[in-house]
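# Structure assessment
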Amino acid sequence: MINDKPVMQSMMGERIWKLMKVDQEEFKRETREYFARVYPGWTVKRVRYPIVYLQDDRD
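Heads up: these notes are all about the structure in this document. (Residues numbered from 1 in each chain as written. Predicted model: local features only at pLDDT ≥ 70, side-chain atom pairs only at ≥ 80, totals over all residues. Heavy atoms only, no water.)

### Some points on the nonpolar core
Counting 9 residues, the largest nonpolar core is built from M12, I16, W17, L19, F27, F35, W42, V52 and L54. Elements supplying a minimum of two residues to this core: α1 (14-22), α2 (24-38) and β3 (51-56). For this core, the leading source of residues is α1, giving 3 residues. Look past the residues within four positions of L54 in its chain and what remains in contact with it is P6, V7, M8, S10, F35, Y39, W42, T43 and V44. (Core = buried A, V, L, I, M, F, W, Y, C linked by side-chain atoms within 4.5 Å. Buried < 20%, exposed > 50% of the residue type's maximum accessible area, 1.4 Å probe, protein only. Helix = DSSP H or I, 4+ residues; strand = E, 2+ residues; numbered from the N terminus. Contact = heavy atoms within 4.5 Å.)

Here is the structure:
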């Protein structure tokens, strides 16, 4: 739980992970966009290779 909200662990493809070493801002943008499409209503809270932690913001 983060701030009393459920958290889920997920993963994403290497293409996005490779951006982390090259362009941090592009990496963040791509990560947010990817999870907005895959899990609408969930927000990226933490990223630690290879896990992305998502918070459930659906009401």
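### Considering the pattern of salt bridges
In total, this model carries 6 salt bridges according to the counting rule given. Notably, a salt bridge pairs R29 with E33, separated by 2.7 Å at the nearest N-O pair. One end of the pair, R29, and the other, E33, are both in helix α2, 4 residues apart, so they sit about a helical turn from each other. Given the relative accessible area of 35%, E33 is considered partly exposed. Residues joined in a network through salt bridges with shared partners are R15, E26, R29, E30 and E33. (Salt bridge = Lys/Arg side-chain N within 4 Å of Asp/Glu carboxyl O.)

### Examining the packing of α1 against α2
The contact between α1 and α2 brings their axes to 6 Å, and the two run at 155°. The angle between the axes of α1 and α2 places the two elements in the roughly antiparallel class. As α1 packs across α2, the resulting crossing turns out to be left-handed. Of the residues in α2, those in contact with R15, I16, W17, L19, M20 and V22 of α1 are Q24, E26, F27, E30, T31 and Y34. Taken together, the residues of the contact of α1 with α2 break down into 7 nonpolar, 2 polar and 3 charged. (Axes fitted to C-alpha atoms, helices over the stretch in contact; angles between N-to-C directions. Parallel < 35°, antiparallel > 145°, perpendicular 65-115°, else oblique. Left-handed = near helix turned anticlockwise from the far one by under 90°. Nonpolar A, V, L, I, M, F, W, Y, C, P; charged D, E, K, R; others polar.)

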